[in-house]
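Structural overview for review
Here is how the chains run, residue by residue.
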Amino acid sequence: MAFRFPDELSPSSLTDTERQFLSAVMDNAQLGIIAFDAGSKPFFVNASFTAMTGYTLADLTPLGAWLHRAYPDPTLRHRLLRLWREDRTRAFVEREHPLTCASGETHIINFRLINLPSGLKLATLVDVTANRRYAHMLATKELFLRKVFETLNDGLALTDADQTVIAVNQRYCEIMGKPRAEILGRTVLDYIDEGLSATTRATIREQLQTRAAGKADVYEIDFRRSNGRNVHCLISAAPLFSETGHFNGSVAVVTDVTRVREMERALTESEKRYRAIVEDQTEYVCRFRRSGTLTYQNRAMQNLRLASQAPPSTFFDLISEPDRGAVRRGVSALCGACPIVTCQTSLTTADNTVRHLEWNVRIIFNDDGSPAEYQAVGRDVTRRVQYEQRLKENEKRLRILSRRFFQAQEQERQRLARELHDDVGQTLAAVKYAVENAILDVAPVADEASVKPLRSVVTLTQGLIDKIRNIQAALHPPSIEDLGLITSMNGFCAEYESIYSHVLVQKRIEIAEADIPASLKVTFYRIMQEAMSNAARHSGASVVWLTLAYEDAALVLRIRDNGCGFSLSTDAMRERITTGMGLENMRERTEMSGGDFGIFSQPGKGTVIQATWDAANG
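Read on for a plain summary of the structure. Note that the coordinates shown come from a computational prediction; the quantities given were computed from them, not determined experimentally. (Residues numbered from 1 in each chain as written. Predicted model: local features only at pLDDT ≥ 70, side-chain atom pairs only at ≥ 80, totals over all residues. Heavy atoms only, no water.)

Together, Phe92, Ile114 and Leu116 make up an exposed nonpolar region whose accessible area comes to about 240 Å². With respect to the helices and strands, the residue Phe92 is situated in strand β3 (residues 92-100). For Phe92, a relative accessible area of 47% translates into the label partly exposed. (Patch = residues over 30% accessible without salt bridge, like charges linked within 9 Å, V, L, I, M, F, W, Y side chains within 5 Å. Areas by Shrake-Rupley, 256 points an atom, 1.4 Å probe, with all protein chains shown as cover. Salt bridge = Lys/Arg side-chain N within 4 Å of Asp/Glu carboxyl O. Helix = DSSP H or I, 4+ residues; strand = E, 2+ residues; numbered from the N terminus. Buried < 20%, exposed > 50% of the residue type's maximum accessible area, 1.4 Å probe, protein only.)

To continue, consider the pairing of strand β8 (residues 217-224). Sheet topology places β8 next to strand β9 (residues 230-241); eight bridges connect them, and they run antiparallel. Considered in β9, the bridge of Ile221 is made with Cys233. (Pairing = 2+ DSSP bridges.)

Okay, the side chain of Ser48 next. Looking at where Ser48 falls in the secondary structure, it is placed in helix α2 (residues 47-53). Residue class for Ser48 comes out buried when judged on its relative accessible area of 17%. Apart from the residues lying within four places of it in its own chain, the contact partners of Ser48 are Ala29, Gln30, Leu31 and Gly32. (Contact = heavy atoms within 4.5 Å.)

Mapping Arg90 onto the fold places it in the loop between α4 (74-87) and β3. When its relative accessible area of 41% is taken as the criterion, Arg90 is described as partly exposed. Remark: the alpha-carbon pair of Arg90 and Leu113, spanning 23 residues in sequence, is separated by 8.8 Å. Each residue touching Arg90, except ones within four places of it in the same chain, is listed here: Arg95 and Asn115.

If you look at the biggest cluster of nonpolar residues, it comprises 34 residues, and the most contacted ones within it are Tyr496, Phe524, Met532, Leu548 and Leu557. Those elements that provide at least two residues to this core are α15 (485-499), α16 (518-539), β17 (543-551), β18 (554-561), α18 (581-592), β19 (596-601) and β20 (607-614). Looking at this core element by element, the count peaks at nine residues for α16. Excluding residues within four positions of it along the chain, Phe524 makes contact with Leu485, Ile516, Leu548, Leu555, Leu557 and Trp613. (Core = buried A, V, L, I, M, F, W, Y, C linked by side-chain atoms within 4.5 Å.)

As summarised here, the arrangement of the five strands in space is β16-β17-β18-β20-β19, forming an open sheet in which the pairing is mixed. Two strands close off the open sheet at either side, each with one partner strand: β16 (504-510) and β19. In this sheet, adjacent strand axes meet at a mean angle of 10 degrees when their direction is disregarded. As judged from the eight bridges shared by β17 and β18, these two strands associate in the antiparallel manner. Pairing of Ala549 across the sheet is with Val556, part of β18. Sheet strands touched by α15: β16, β17 and β18. Its angle to β16, the strand with the most contacts, is close to 170 degrees. Contacts from α16 reach β16, β17, β18 and β20 within the one sheet, and its direction differs from that of β18 by about 15 degrees. (Axes fitted to C-alpha atoms, helices over the stretch in contact; angles between N-to-C directions.)

To continue, consider the sheet that holds strand β11 (residues 284-288). Overall, antiparallel pairing links the five strands, which are arranged β12-β11-β15-β14-β13 in an open sheet. Each end of this open sheet is capped by a strand with a single partner; those strands are β12 (294-297) and β13 (340-348). Within this sheet the neighbouring strands show an average axis-to-axis angle of 25 degrees, counted without direction. Strand direction decides the pairing type here: β11 and strand β15 (residues 371-380), joined by five bridges, are antiparallel. Considered in β15, the bridge of Tyr284 is made with Gly378. Contacting β11, β13, β14 (354-365) and β15, helix α11 (residues 321-332) runs over the sheet at an angle of about 160 degrees to β13.

Next up, the structure:
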């Protein structure tokens, strides 16, 4: 629809060409246009209005119905009608309000009303919905950035082209130790000049010139606050430019690194102290990579001279050739679950002295858990190794002496038993025989009173012979050679029960005589003899269990009783076990013959004495 002035309002002063030009402008304007006559009745809308709102001129008639549709909120509609009546008396009015389009969408419209002298009214409409949306987004972002600006852990400062501070956040004020009012509108040299050294002041001037030259930089300064506290700051500054490339100012991010620098200084001092401690150690301390290449050696390590004369270049050069492979495997196996390994090796020094070293190697990890390198601490254990070797040699000699002692003891017992049998026993038998013959000779002619003393001598002599036989059996039971160990043990148990009638012996002998090593027979017998005698004399037992059998490929001799038992944890009892002749003899006999000896006991639960020999070694 082309614009045409109403006849009654058509200006007579305009030529036809001017009217056509105005009509074309009205029709093709990018603004939405509504033309009202003097009675406020719309008679023209341009294409832009229809495209913007979806309404045609027909939709605006009647105007009241359109107002209800375009402004469904009665409060807004009544306010706009009131303003329309007031605005008719003004030449130009601009307002902004929401309008409901024909599609039902609500847009924000910038509404301008022009009252012409002729009574004609032109309303221009601009859809500012997108602008307002963008403005809201910008405002939201600005609010967000302002909050970020104010809540950052680092200080932020903005300066203009004259390096005057125009904005700072709260953290910046805290770092500088001054309120915002004392910072804004001043340069950095103005508000902290009293706390700056000459060097720091020169650095700041140089950096301000660098910003003005359009260059960014990172630098550090130290200054003293008004409260006397020294502050160390890390500053990252960058210039700001206009769209035309003109220098507008700069932005600076200020981080208080005072605590970090203090910790670095403390760490440096601590490192110096600990390095001095490590350097002064007599132990050999080094670090090396996975390949073995040494990265650090303390003074003791550096002074170590090998027989090859060449200083070690890798850790494994310090390991003797026979041990090198095992040490490499041990180091390669180190991990978080097993971070340390101990190894012992020997090396020959430049003076041809053999030294024994014990190394503790530990893996060191990076922050991400990957292996960084290895640390080794070596201790010279040459003297300890020498002492251990001497101790082993002395133990070997002692075992030999103990074995010879027991052999000599058994031989002496056998000799004494033989002498008791051959000499004393035969003599007593001869005495008994002579007295019995004398009795036979005098009995026919003498009375019983005269013969009675001789009969007493015979009885006493027989008793002495029996005692001699018991002593002989105790010294060296002849039945072991004659009848074997098992028969001798059975005989001993029978005699044991006859002597200690309150004790019952239960035997479990599950081994053949031929399977018992000849070298252990006397040892078995002596341990059984001593253990069962102790049970009868000290435990108050009523039952003793004797076991001789193979158990788990081991030859086991076990004597158990149900006596009172004792606590192995008391010092007095431990001393009794280690120093008592009976128990110590049993232990010595077992260990000298290659076995293991053990005592197990608890108060009220009896005692177990057990000697075990490896069947393969037996």
